[in-house]
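Notes for the structure review
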Amino acid sequence: MSACLTVWGLLPVLLLGAVATAEITAGAFVLAALIGMTLAVAQRLHWYPLRIAIAIYVDVFRAVPVLTQLFIIYFGLTEIGIRLDPLPSAIVGFGINGGAYLTEVFRAGLESIHQGQMEAAQMLGMTRLTALRIVILPQAVRVVLPPLGNFAIGLLKDTALASAVAAPELMFRARTLVDKTFLATQIFTTAAAIYLAMSLPLGYLTRQAEARFSRGRR
Amino acid sequence: MTSGPTGEPAPAVLVEVIGLTKRFGEIDVLKEVDLSVRVGEKVAIIGPSGSGKTTLLRCIAHLERPTSGHVAIGGERIGEKLVNARWREMSDREIARIRTGIGMVFQRFNLFPHLTALENVMLGPTRVLKYSRAEAEPLARGLLRKVGLAHKAADYPEKLSGGQQQRVAIARSLAMQPRLMLFDEATSALDPELIGEVLNVMRDLARDGMTMLVVTHEMKFAEDVADRVVFMDHGRIVEEGRPHELFRSPSHPRTQAFLRAVVDRQAMTETPAS
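Residues numbered from 1 in each chain as written. Chains lettered and ligands numbered in written order. Predicted model: local features only at pLDDT ≥ 70, side-chain atom pairs only at ≥ 80, totals over all residues. Heavy atoms only, no water.

**Observations regarding the packing of aromatic side chains**
All names here are of chain A. Summed over the entire model, instances satisfying the criterion amount to five aromatic pairs over all chains. Ring centres of Phe 29 and Phe 151 lie 6.0 Å apart, and the angle between their planes is 35°; on these two criteria the pair is classed as tilted. Of this pair, Phe 29 sits in helix 1 (residues 2–43) while Phe 151 sits in helix 6 (residues 128–158), and the two are 122 residues apart along the sequence. When its relative accessible area of 23% is taken as the criterion, Phe 29 is described as partly exposed. Look at Tyr 57 and Phe 61: their rings are 5.1 Å apart centre to centre, the planes differ by 45°, and that puts the pair in the tilted class. Pair noted here: Tyr 57 and Phe 61 are both in helix 2 (residues 48–63), with a separation of four residues, about one helical turn. (Phe/Tyr/Trp six-rings, centres within 6.5 Å; stacked < 30°, edge-to-face > 60°. Helix = DSSP H or I, 4+ residues; strand = E, 2+ residues; numbered from the N terminus. Buried < 20%, exposed > 50% of the residue type's maximum accessible area, 1.4 Å probe, protein only.)

**With respect to the interface of chain A and chain B**
Contacts between the two partners involve 21 residues from chain A, matched on the other side by 25 residues from chain B. Both faces combined, the contact of chain A with chain B buries some 2200 Å², and carbon together with sulfur accounts for 60% of it. In this structure, the connection of chain A to chain B is made through one salt bridge. With its nearest N and O atoms 2.7 Å apart, the salt bridge here joins Arg58(B) to Glu119(A). Inspection of the region where chain A meets chain B yields four residue pairs in polar contact (both at pLDDT 80 or more). Only helix 5 (115–123) and helix 6 of chain A provide two or more residues apiece to the side of chain A that touches chain B. (Contact = heavy atoms within 4.5 Å. Buried area = accessible area lost by both parts, 1.4 Å probe. Salt bridge = Lys/Arg side-chain N within 4 Å of Asp/Glu carboxyl O. Polar contact = N/O pair within 3.5 Å; in protein donor to acceptor, adjacent residues only side chain to side chain.)

**As for helix 5 (residues 162–174) of chain B**
Taking 1.5 Å as the rise per residue, helix 5 of chain B with 13 residues should run 18 Å; its terminal C-alpha atoms sit 18 Å apart, in good agreement. Counting buried residues in helix 5 of chain B gives 13 out of 13 residues, a clear majority hidden from the surface. (Expected span 1.5 Å × (residues − 1).)

**Quick notes on the pairing of strand 3 (residues 42–46) of chain B**
All names here are of chain B. Burial within strand 3 is extensive, with five of its five residues counted as buried. Neither face of strand 3 is left uncovered, since the one carrying Lys 42, Ala 44 and Ile 46 and the one carrying Val 43 and Ile 45 both have all their residues buried. Across four bridges, strand 3 lies against strand 10 (residues 211–215) in parallel orientation. Paired with Lys 42 across the bridge in strand 10 is Met 212. (Pairing = 2+ DSSP bridges.)

**Details of the environment of Ala150(B)**
Residues and elements named next belong to chain B. As for its placement among the helices and strands, Ala 150 is situated in the loop between helix 4 (133–146) and helix 5. What makes Ala 150 partly exposed here is its relative accessible area of 37%. When the C-alpha atoms of Ala 150 and Ala 117 are compared, they prove to be 9.4 Å apart, with 33 residues separating the residues in sequence. Residues contacting Ala 150, with those up to four places away along its chain left out, are Leu 144 and Arg 145.

**Some points on the confidence of the model for chain A**
When pLDDT is averaged across chain A, the result is 92; 96% of the residues are at 70 or more. Taken element by element, chain A is modelled with least confidence in helix 1 of chain A, mean pLDDT 91, and with most confidence in helix 5 of chain A, mean pLDDT 97. (pLDDT = per-residue confidence, 0-100.)

**With respect to unusual backbone geometry**
Residues and elements named next belong to chain B. Located in the positive-phi region is His 62, a residue other than glycine, with phi close to 60°. Among the secondary structure elements, His 62 is positioned in the loop between helix 1 (53–60) and strand 4 (68–73). Here Glu 185, not a glycine, exhibits a phi torsion of approximately 45°, which is positive. Of note, Glu 185 is situated in the loop between strand 9 (180–184) and helix 6 (192–207). Residue classification places Glu 185 among the buried positions, given a relative accessible area of 12%.

**Re the sheet that holds strand 1 (residues 13–24) of chain B**
Residues and elements named next belong to chain B. Ordered by their spatial adjacency, four strands build an open sheet running 2-1-4-5, and the pairing between neighbours is antiparallel. Two strands close off the open sheet at either side, each with one partner strand: strand 2 (27–38) and strand 5 (76–77). Note that strand 1 and strand 2 share eight bridges and pair antiparallel. Looking at the pairing, Arg 23 lines up with Asp 28 of strand 2. Packed onto the sheet, helix 1 meets strand 1, strand 2 and strand 4 and runs at close to 120° relative to strand 1. (Axes fitted to C-alpha atoms, helices over the stretch in contact; angles between N-to-C directions.)

Listed below in structure tokens is the structure:
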């Protein structure tokens with residue numbers, strides 16, 4: 001009973017952590033989506049040096065654990081004079097890492113759109129870039145929404161790793177509290193419940209977005 | 001300059017294809033094709049599948065890059081330009097500018113499925129010609145009316161029949177006010193009962209004086225509408241002439257064989273209906 005009350009008392013601290021978790025997730029998601037979308041479009045412009053650079057980025061950042069990347073950004077960059085706080089470090093780290101995955105996701109999305117759409121747009125006098133932006137990308141977004149939703153939920157959970165660079169997110173707060181109170185079961189279960197409460201709406205939002213983007217489609 | 005029978009100067013050449021060769025891998029799909037089309041002229045291109053008709057049209061639109069030879073639209077080469085007395089490849093932007101003057105209608109319609117019929121027609125004027133919505137909408141509605149689909153403006157392509165989709169696609173091309181329209185087997189993907197409505201729109205367009213290059217299997221349409229029929233086979237123009245001459249008395253054996261096969265098939269499909 002008293003343990004329950006204690007956890008209740010600790011809840012505000014955990015929720016504060018949840019806010020940081022949400023910030024890292026949202027920030028990294030936006031960054032990753034922007035990177036993924038931009039690079040996937042750039043890949044289709046038939047400019048070889050750029051295509052090779054993008055391929056290297058994707059391969060390298062997918063192949064190195066995100067924790068390692070976080071350490072490099074948080075600890076490593078200080079040596080060359082770039083000092084980022086834990087929260088921005090986490091956003092940049094997850095964003096760049098996620099960007100590599102989303103480049104592939106968006107590439108698959110763009111490739112799923114029939115070549116005839118590009119040609120029809122070009123015959124209206126659009127350049128390839130304009131056609132990609134105005135005609136192809138909006139259709140591709142609909143295709144990539146399910147994997148994008150998956151990515152967002154995965155990202156939300158992975159942000160727990162940011163505790164390793166002292167970002168004051170949910171798991172960081174939870175562990176700090178457990179160190180003080182030794183209420184491991186109660187606190188970690190509460191943290192789990194908070195993660196669940198954040199992930200489930202994400203799944204719902206994805207389905208809403210899919211419905212919205214499906215206009216004109218069966 | 002040549003002159004017509006009345007002594008008036010013949011209209012200027014709009015499309016000039018010179019020595020056009022297109023190779024895919026080991027196969028020459030087009031071999032040294034020459035063709036010129038005058039302003040206002042309607043040219044039908046017929047021939048067996050694989051004869052290079054579609055590739056010719058796609059090269060004219062520069063959707064395919066010629067292996068050798070070139071295409072000029074209104075005197076300007078599409079795809080290459082003269083820089084310091086040497087022919088250089090054009091930028092995407094320059095090609096896009098030339099394409100604004102060319103409308104193309106595809107076999108598979110290629111309407112944008114995420115946009116309504118009206119939005120499909122408005123997209124070119126608003127995004128390329130930089131018209132305001134207030135300018136583009138009446139234009140688009142007018143064109144939908146012209147193709148008989150004013151009442152379908154708010155529908156998405158999937159709600160439309162193939163014939164309706166193709167008419168929207170024609171309206172979409174016309175919205176750019178092109179001086180040349182290319183039709184790539186515009187009715188080949190349609191159910192037989194929907195072909196007529198699309199051909200009628202094309203007939204209207206021909207009557208309005210549009211310069212048209214039409215790849216088609218509709219021999220009746222070619223005969224009625226075209227000023228000139230071009231028969232292609234194995235990547236070459238085998239024979240060309242006025243429709244009634246080419247259809248009534250083709251001189252080349254390949255043309256004769258092709259027309260016989262097509263007329264037999266069309267006669268067979270038409271008999272039960274009449």
